[in-house]
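Each chain, written out:
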Amino acid sequence: MKKAIAVIRGDGIGPEIVREALGVLDAAAAKFGHTFIYKEAPMGGCAIDEFGVPLPDSSLETCLASDSVLLGAVGGPKWDAQPPANRPERGLLKLRAAMELYTNIRPARMFQELASACPLRADIAANGIDFIVVRELIGGVYFGEHSTAEVDGEKKATDIMAYSEHEIRRVAHVAFQTAQKRRKRVTSVDKANVLDTSRLWRKVVTEVAAEYPDVELLHMYVDNAAMQLVRDPSQFDVIVTENLFGDILSDEASQITGSIGMIPSSSMGAGTRGLYEPIHGSAPDIAGQNKANPIGTILAAAMMLRFSFDMAQEADAIERAVDETLKAGFRCGDILQTGGTLVGCREMGTEIRKRI
Ligand code: NAD
């Protein structure tokens, strides 16, 4: 297969981690007989320096014309003084909106070799952590009306939380289809005992479930879900939830697995094209020092192969290479344990590439 990938290297450690991810993609392409064509799309602080804006039209066009987008990270102290409308992160928001990416998919997986970095009790961690949070990304309270008014001599603030059936239905389909490729279990998280949006959420998700008889559906209140994530995360396969609950639960989910440098994410719309990135930022404190852990970005590239290009074997090969590299004891600084071999960003990429 031949695929065009828009590459946003971004700022800080972005260029270093993306370079290693592209190296791993090239190794997978060589092994499985594919061609990946990379198209540079400057975005973030580097684009402000070069073009005056965080997302130039030419970069947006490159992304929209590609089969998928791989992103490092954007932002850094150099651009903190930019006006809000011209900050590096604005480029990312504009890109997500232009690509109509309504679903965020974030795996939470604990590598057994890094179990000691898991903040949960050892007997809980021993059961393993391997689930995916599917979050609605462009609806709910974040996109409702926000207002503050003076009422009876004091300020009163209001945020509107709204969901339409079609917004729920499309993300529910993503969750069930994701579960079909995994352990076939969806947990839908809501607050249906209190919120009308949640009652509609539950009704629509239940309707969609009828189209996927091979997938088990459970409903869970969000307060219980927050608790179950630390009590027994092994019970989850795919969690699907609305924007606000997903924002909070996906951060909790990342935290229980260990290092921030290890976790990928994808944002998807109606088609197969997605935006793939690690969950961390541009880490300006370690930029340019060959200290960044590239694994989150490498696993984001594997997600791209699995979800956008339907290349499951190729994605498996990358994930297995990461596992084997960790088993062989190689560690970047953020995940270094006693007895591990400290390597830099470049060397970690090389070790993973060798094992494809
Ligand atoms: P950060 O995630 O960049 O860094 C937090 C801490 O984690 C730092 O100590 C950093 O060194 C470490 N870290 C992060 N990624 C690492 C990796 N791959 N390997 C090793 N260590 C790693 O968060 P921050 O410091 O709050 O933000 C820095 C900049 O990134 C800000 O400008 C912020 O706006 C931006 N940001 C961008 C994105 C994005 O592009 N999607 C996301 C979050 C933050």
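Not measured: the values here are computed from a predicted model. (Residues numbered from 1 in each chain as written. Predicted model: local features only at pLDDT ≥ 70, side-chain atom pairs only at ≥ 80, totals over all residues. Heavy atoms only, no water.)

Caption draft 1: Broad picture of the site of the ligand. The environment of the ligand is made up of 20 residues, and the closest members are Val-74, Glu-89, Gly-281, Ala-283 and Asp-285. The separation between an oxygen atom of the ligand and a polar main-chain atom of Gly-76 is 3.0 Å. His-280 places a polar side-chain atom, nitrogen or oxygen, 3.1 Å from a nitrogen atom of the ligand. Summarising the interface, the protein chains cover 67% of the accessible area of the ligand, which totals 810 Å² for the free molecule. Taken together, the residues that form the shell around the ligand break down as nine nonpolar, seven polar and four charged. (Near = heavy atom within 4 Å. Polar contact = N/O pair within 3.5 Å; in protein donor to acceptor, adjacent residues only side chain to side chain. Areas by Shrake-Rupley, 256 points an atom, 1.4 Å probe, with all protein chains shown as cover. Nonpolar A, V, L, I, M, F, W, Y, C, P; charged D, E, K, R; others polar.)

Caption draft 2: Seen up close, the pairing of strand β10 (residues 238-241). Residues Val-238 and Val-240 point to one face of β10 and Ile-239 and Thr-241 to the other, with burial holding for every one of them. Judged from the four bridges that link them, strand β5 (residues 130-136) and β10 form a sheet pairing that is parallel. Across the sheet, Arg-135 pairs through a bridge with Thr-241, a residue of β10. Here strand β8 (residues 185-190) pairs with β10 via four bridges, running parallel. (Buried < 20%, exposed > 50% of the residue type's maximum accessible area, 1.4 Å probe, protein only. Helix = DSSP H or I, 4+ residues; strand = E, 2+ residues; numbered from the N terminus. Pairing = 2+ DSSP bridges.)

Caption draft 3: Inspection of the sheet that holds strand β1 (residues 2-10) at higher detail. What the 10 strands build is an open sheet, ordered β2-β1-β3-β12-β11-β4-β5-β10-β8-β9; its pairing is mixed. At either margin of the open sheet sits one strand with a lone partner, and together these are β2 (35-40) and β9 (216-221). When strand polarity is set aside, the average angle formed by the axes of neighbouring strands in this sheet is 25°. Its contacts with the sheet put helix α4 (residues 88-98) on β1, β3 (68-73), β11 (264-268) and β12 (274-278), and the angle it makes with β12 is roughly 150°. (Axes fitted to C-alpha atoms, helices over the stretch in contact; angles between N-to-C directions. Contact = heavy atoms within 4.5 Å.)

Caption draft 4: Inspection of helix α11 (residues 312-327) at higher detail. Taking 1.5 Å as the rise per residue, α11 with 16 residues should run 22 Å; its terminal C-alpha atoms sit 22 Å apart, in good agreement. Its buried side turned inward, α11 meets α1 (14-32), β4 (103-109), α10 (295-308), β13 (330-331) and α12 (345-354). Just beyond α11, the residue with positive phi is Gly-329, at close to 95°. (Expected span 1.5 Å × (residues − 1).)

Caption draft 5: View of unusual backbone geometry. The residue Glu-100 is not glycine, and still its phi comes out positive at about 50°. Among the secondary structure elements, Glu-100 is positioned in the loop between α4 and β4. What makes Glu-100 exposed here is its relative accessible area of 56%. One non-glycine residue with positive phi stands out, namely Asp-310, at about 55°. One can find Asp-310 in the loop between α10 and α11.

Caption draft 6: Highlighting the pattern of salt bridges. The tally for this structure, following the rule as stated, stands at 26 salt bridges. A salt bridge links Asp-247 to Arg-135, with the nearest nitrogen and oxygen atoms 3.9 Å apart. One end of the pair, Asp-247, is in helix α9 (residues 243-257); the other, Arg-135, is in strand β5, with 112 residues separating them in the sequence. By relative accessible area, which is 12% here, Arg-135 ends up buried. Where salt bridges share partners, they join Asp-130, Arg-182, Arg-183 and Asp-237 into one cluster. (Salt bridge = Lys/Arg side-chain N within 4 Å of Asp/Glu carboxyl O.)

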